[in-house]
Amino acid sequence: MTDRKFPLVSFCMIVKNEEKLLPQCLDSIEDLADEIIIVDNGSSDSTCEIAERFGARIIHSNIKEDLASLRNIYLKLAKGEWILSLDADERISSKDIPKLQKMLKDKKVNAYGFISRLYTNSYDLLNDWFLCRKEYPKEEKFSGCRGYIDMYWGYRLFRNHKGLYYEGFGHETIDRCIVKKGGKAVDTDILIHHFKELKPKRTIEKIAKAYFELEKRKNAEVFKDHYRYYYRLGREALLGAKDLEASFKYLKKSIQLKPSFPFSYFLLGLAYKENRDYRQAILSLKESIKLKKDYLGGHYLLGIVYDEMDKYELAEKKFREALVINRDHPIVLNSLGVVLVKQNKIKEGVRFFKKALVIDPRLKTAKSNLRNCLHYD
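All values derive from a computational prediction rather than experimental measurement.

**A short note on the overall build of the protein chain**
Of regular secondary structure, the protein chain possesses 16 helices and nine strands. For 377 residues, the compact-globule formula gives about 21 Å, and the C-alpha radius of gyration of the protein chain, at 23 Å, lands near that figure. C-alpha extents for the protein chain along the principal axes are approximately 70 × 40 × 40 Å. Taking all 377 residues of the protein chain together, 54% fall into the buried category. A separation of at least 24 residues holds for 66% of the contacts in the protein chain among residues at least 6 apart in sequence. Surface exposure of the protein chain reaches about 18,800 Å², of which carbon and sulfur atoms provide 51%. Seen as two clouds, the 70 positive and the 54 negative side-chain charges of the protein chain have centres 2 Å apart.

**Brief notes about the side chain of Lys 318**
The topology assignment puts Lys 318 in helix 13 (residues 312–325). For Lys 318, a relative accessible area of 12% corresponds to the buried category. Engagement of the side chain of Lys 318 in a polar contact is seen with the side chain of His 299, the distance being 3.2 Å. Among the polar contacts made by the side chain of Lys 318, one reaches the side chain of Glu 321 at a distance of 2.6 Å. Apart from residues no more than four positions distant in its own chain, Lys 318 is found in contact with Ile 289, His 299, Leu 302, Gly 303 and Tyr 306.

**Notes on the packing of helix 10 (residues 262–274) against helix 12 (residues 296–308)**
Closest axis-to-axis distance for the helix 10/helix 12 pair is 10 Å, and the angle between their directions is 15 degrees. With respect to helix 12, the element helix 10 is oriented roughly parallel. Crossing of helix 10 against helix 12: the hand is left-handed. In this structure, helix 10 uses Phe 266, Gly 269, Leu 270 and Lys 273 to contact helix 12, whose residues at the interface are Gly 297, Gly 298, Leu 301, Ile 304, Val 305 and Glu 308. Residue classes in the contact of helix 10 with helix 12 are distributed as five nonpolar, three polar and two charged.

**Considerations on the pattern of salt bridges**
For the structure shown, the criterion picks out 23 salt bridges. Measuring nitrogen to oxygen at the nearest pair gives 3.1 Å for the salt bridge that ties Arg 146 to Asp 360. Of this pair, Arg 146 sits in the loop between helix 5 (137–143) and strand 8 (147–159) while Asp 360 is found in the loop between helix 15 (346–359) and helix 16 (364–376), placing the two residues 214 residues apart along the sequence. Accessibility assignment for this pair places Arg 146 and Asp 360 in one class, buried.

**So, helix 10**
Compared with the 18 Å implied by 1.5 Å per residue over 13 residues, the 19 Å span of helix 10 between its first and last C-alpha is a close match. A large share of helix 10 lies buried, amounting to twelve of its 13 residues. Taken together, the buried positions of helix 10 are Pro 262, Phe 263, Ser 264, Tyr 265, Phe 266, Leu 267, Leu 268, Gly 269, Leu 270, Ala 271, Tyr 272 and Lys 273. Elements that come into contact with the buried residues of helix 10 comprise helix 8 (227–239), helix 9 (244–257), helix 11 (278–291) and helix 12. Phi turns positive one or two residues past the end of helix 10, at Arg 276, with a value near 60 degrees.

**Comments concerning the environment of Lys 162**
The topology assignment puts Lys 162 in the loop between strand 8 and helix 6 (175–181). Classification of Lys 162 by relative accessible area gives exposed; the value is 81%. For the pair Lys 162 and Lys 181, spaced 19 residues apart in the sequence, the C-alpha separation amounts to 9.9 Å.

**Description of the state of the cysteines**
Inspection of every chain in the model, using the stated rule, returns zero disulfides. Summary of cysteine pairing: Cys 12 is not part of a disulfide, and the nearest cysteine sulfur, belonging to Cys 25, is at 12 Å.

What counts as what
For every chain, the first residue of its written sequence is number 1, and the numbers climb from 1 along that sequence. It should be noted that, the model being predicted, local features are given only for residues of pLDDT at least 70 and side-chain atom pairs only at 80 or more, the latter also being counted only at that level, while totals for whole chains, interfaces and linings use all residues. Excluded from the side-chain calculation are hydrogens and water; included are all heavy atoms of the structure. What counts as a helix is a DSSP run of H or I of at least four residues, what counts as a strand is a run of E of at least two, and both are numbered from the N terminus. Computation of the radius of gyration draws on C-alpha atoms, with the globule rule given as 2.2 Å multiplied by the number of residues to the power 0.38. Here's how the labels work: a residue is buried when its accessible area is under 20% of the maximum for its type, exposed when over 50%, partly exposed in between, all with a 1.4 Å probe on protein chains only. Pairs of residues are marked as contacts when any of their non-hydrogen atoms sit within 4.5 Å. All accessible areas in this document rest on Shrake-Rupley with a 1.4 Å probe, and a residue is counted as covered only by the protein chains that are shown. In this tally, Lys and Arg are treated as positive and Asp and Glu as negative; His is ignored, and so are the chain termini. Charged groups are reduced to one reference atom each: NZ for lysine, CZ for arginine, CG for aspartic acid, CD for glutamic acid. N or O atoms within 3.5 Å of each other form a polar contact, as long as, within protein, one can give a hydrogen and the other can take it, and as long as residues adjacent in sequence are counted only when both atoms are side-chain atoms. Every axis corresponds to a line fitted to the C-alpha atoms, with the helix fit spanning only the stretch in contact, and the corresponding angles, defined between N-to-C directions, vary from 0 to 180 degrees. By definition in this entry, angles of less than 35 degrees are roughly parallel, angles greater than 145 are roughly antiparallel, angles of 65 to 115 are roughly perpendicular, and the rest are oblique. Each crossing is labelled by how the near helix is turned from the far one, with a counterclockwise turn of less than a right angle marking it left-handed and a clockwise turn marking it right-handed. Any residue outside Ala, Val, Leu, Ile, Met, Phe, Trp, Tyr, Cys, Pro, Asp, Glu, Lys and Arg is labelled polar, Gly included; the first ten of those are nonpolar and the last four are charged. In what follows, salt bridge is the name for a side-chain nitrogen of Lys or Arg lying within 4 Å of a carboxyl oxygen of Asp or Glu. Helix span, as expected, comes to 1.5 Å for every residue beyond the first. Cysteine sulfur atoms are paired as a disulfide whenever they come within 2.5 Å of each other.

Next comes the structure, spelled out in structure tokens:
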């Protein structure tokens, strides 16, 4: 813990059975936090013993299905001038701690927003995937993943004012409350490194499904005018429940509430594509790119739509534009190879299949496409 060379920081979190990942999280903030408050929600492993070794104050609570209420427990107890909140599968790199210490001295700012870097071997075209390049070698090695996705993850460092509270179920947030209180909030380029894939997959899927049902049931009134609520419902309806009708309803509501949010247009474009309404899919995807010019997912999915329409030259153009944004995306490389082969550019197609496999040797579609081309040749 610190020697008080900068304002007092209370590090706060909620946990349940986090013995595997908790040590790395607490170790990352040890030089920043003056106190650690942990709300344990019924751990049956060594989570609490680990927390005690770091000098944490532990509060036990059996509240179910309400993470906001669990977080509000530590808000009432924290004594710091600032509160920093992470989850056990997250950490801040040691090289970014000095930046945080400097930020704490700015008396004009009330809250700081962070980018969450989710390390993953899965390719999520809703959020652009990038190959690890040893920018954060310790975190990259710890993750065991080839790449990452960067997402904005709200206010995690904020002044400890009376009356602050988390709200919502499943996707609890303090952001709206901070905005209501006024004061200056600043988005930073500091990363929260997120190691979600180190958790058991079954646990992740179980929690995600439970939270979606919880959010539908309890958040309608809390977030009735919040675009991200309808965006999340639309995403889960489309990608999880495979309910196109519901996804159209939710995503259109999200766009109505915030027309400048590109990801709602992307998902709406995907929904139209799944419904084979290519004209509307193209319009939605072009809007997502208009709002976010470097949106790899928007360019890529538009290429897929053109491919399905047998417009291979247009598909090739969009895939190449996507590769300008990220030259190392194996799915885009493979898809470009596919449309090149369809235009009888076999050798060039093979080159892109091989490039995809250099980045991800386990990519089955690229392996199959390469075999078929070599056999054809």
